[in-house]
Every structure is written in C-alpha cells, then in structure tokens.
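Here is what each chain is made of, one letter per residue.
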Amino acid sequence: MQGRSLEWKRRCSSAQVYAASRGSRMPLTLDKTDREIIRALKADGRVTAWGVSSQGQTNVPAVVSNIVTLAAGTSHGLAVTEAGRVVAWGGNAQGQTNVPPTLSNVVAVAASTYHSLALTADGLVTAWGADGFSATVVPPGLSNVVAIATGEFNSYALGIDGR
C-alpha cells in the first residue's frame with residue numbers, strides 16, 4: 001500500500017463505512033455516496049463533483065486545489081491539500097464541515113453522515129461534528145495511528161501495531 005491513496009466504502013443495510021489512509025495522489029479517485037453523488041480527484045490536484053446536490057455536496061469550493069486525498073460523507077465532502085489543510089463543503093447540519101481552525105499537517109480524512117475525522121502526520125486523530133454515540137470522542141492517549149474510518153455513528157483508528 002506504500003505510495004498509494006486508498007479510500008473504500010461498504011454499503012450496509014443501515015450504515016455506510018468510509019475510510020482513508022496515508023498516501024500520495026492517484027491519477028483519479030472516485031468516491032460515490034448513497035445519495036448518487038460522485039466526487040473525483042484529478043491527477044492535477046483538483047476535485048470535481050456531480051450528481052444530486054440537495055445540500056451543496058457537488059459545490060466544491062473554488063479554493064480546492066492541490067488536493068492529495070478526499071473523503072465523502074452522506075451530505076458533505078472533505079479534501080486534504082498538499083499543505084496538510086482540510087477543506088470541507090456541503091451539508092453542515094451537525095457541524096461536520098466545521099473544520100477545527102488549528103488543524104494542520106493532515107494526511108487523511110474520513111467522513112460519515114454527521115461527523116468527520118482527520119489523521120495528522122504524527123499519528124494523531126481529530127474528530128468534529130455530531131457526537132452521537134461518542135463518535136467524536138477521541139480516546140485519551142490514542143496515538144501512532146496509520147488509518148482512520150467512519151461508520152454512520154462510529155469512528156475507527158488503526159494503530160501502527162495493527163490494533
């Protein structure tokens with residue numbers, strides 16, 4: 001997996017799983033949500049989106065460029081710039097696009113229905129948005145994380161030790 005950007009999802013009966021891990025830009029990354037929205041990361045670092053856009057999910061901000069990875073929630077999108085900053089757009093009913101202003105050095109993001117996660121280069125996780133079932137409560141001492149994922153009301157982290 002070295003040198004690749006990886007994003008996957010599995011559609012479940014009542015929940016979706018979205019995830020991202022560290023990596024570099026791929027020629028084209030597609031991410032499709034259950035609301036028939038597709039976001040594409042182009043080789044030149046720009047993002048394009050199309051489909052049903054009831055909450056601005058396809059309204060990618062003009063400032064979104066030099067993107068290295070992206071993630072899609074049900075009603076919002078997240079992108080990480082080469083500079084390690086997170087850009088968010090779309091629905092914000094639960095604060096899922098309110099990126100913490102001090103967040104930096106980000107290498108991966110994951111988006112759910114109502115919350116978002118970011119993984120920093122030093123292996124720390126930041127969460128924001130709805131806190132249903134404590135999805136945005138990062139466990140104290142969580143560190144050395146190499147991958148993150150979200151479920152509808154869950155957050156996941158994989159440590160460097162495989163746990």
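Refer to the structure printed above.
Counting restarts for each chain: residues are numbered from 1 in the order of the written sequence. Per-residue local features are limited, in this predicted model, to residues with pLDDT of at least 70; the limit for side-chain atom pairs, both in listing and counting, is 80 or more; totals at the level of whole chains, interfaces and linings are taken over all residues. Excluded from the side-chain calculations are hydrogens and water; all other atoms, namely the structure's heavy atoms, are used.

A. Spotlight on the side chain of threonine 81. One can find threonine 81 in strand β7 (residues 76–81). Contacts: residue pairs with any heavy atoms within 4.5 Å of one another. Among residues more than four places away in sequence, those in contact with threonine 81 are Ser65, Asn66, Ile67, Val68 and Val87. Numbering of helices and strands runs from the N terminus; a helix is a DSSP stretch of H or I covering at least four residues, while a strand is a stretch of E covering at least two.

B. Fine view of the sheet that holds strand β11 (residues 125–129). Strands are labelled as partners when DSSP assigns at least two bridges between them. If you walk across this open sheet you meet the three strands as β9-β10-β11, and the pairing is antiparallel. Among the strands making up the open sheet, the edge pair consists of β9 (106–111) and β11. Across the sheet, the mean angle from the axis of one strand to that of its neighbour is 20°, orientation sign disregarded. Strand direction decides the pairing type here: strand β10 (residues 115–120) and β11, joined by five bridges, are antiparallel. The residue of β11 that forms the bridge with leucine 117 is alanine 127. Axis lines are fitted through C-alpha atoms, for helices just across the contact stretch, and the angle between N-to-C directions can take any value from 0 to 180 degrees.

C. Highlighting the packing of aromatic side chains. Only Phe, Tyr and Trp rings take part, Trp by its six-membered ring, and two of them pair if their centres are within 6.5 Å. Stacked means planes under 30 degrees apart, edge-to-face means over 60, and tilted covers everything else. Scanning the entire structure with this criterion turns up one aromatic pair. Note on phenylalanine 133 and phenylalanine 153: the rings are 5.4 Å apart at their centroids and 65° apart in plane angle, and the pair reads as edge-to-face. With phenylalanine 133 in the loop between β11 and β12 (145–150) and phenylalanine 153 in the loop between β12 and β13 (155–159), the pair connects residues that are 20 residues apart, well separated along the chain. The exposure class of phenylalanine 153 is partly exposed, given its relative accessible area of 36%. Each residue is placed in one exposure class: buried if its accessible area under a 1.4 Å probe, protein chains only, is under 20% of its type's maximum, exposed if it is over 50%, and partly exposed if it falls in between.

D. Expanded view of the environment of serine 104. Structurally, serine 104 is set in the loop between β8 (86–90) and β9. In this structure, the C-alpha to C-alpha distance between serine 104 and alanine 121, residues 17 residues apart in sequence, is 9.1 Å. With residues near it in sequence (within four places) discarded, serine 104 still touches Gly84, Arg85 and Thr120.

E. Fine view of the sheet that holds strand β6 (residues 67–72). Taken in spatial order, the three strands make up an open sheet running β6-β7-β8, and their pairing is antiparallel. This sheet does not close on itself; its edge strands, each paired only once, are β6 and β8. Averaged over all adjacent pairs, the angle separating strand axes in this sheet is 20°, with direction ignored.

F. Geometry of the nonpolar core. Ranked by size, the top nonpolar core spans eleven residues in total: Val68, Ala71, Leu78, Val80, Val86, Leu103, Val106, Val109, Ala111, Ala118 and Trp128. The element contributing the most residues to this core is β9, with three residues. If we skip the residues at most four places from it in the chain, valine 80 touches Asn66, Ile67, Val68, Thr69, Arg85, Val106, Ala108 and Val109. Throughout this description, the term nonpolar core refers to a set of buried Ala, Val, Leu, Ile, Met, Phe, Trp, Tyr and Cys residues connected via side-chain atoms within 4.5 Å.

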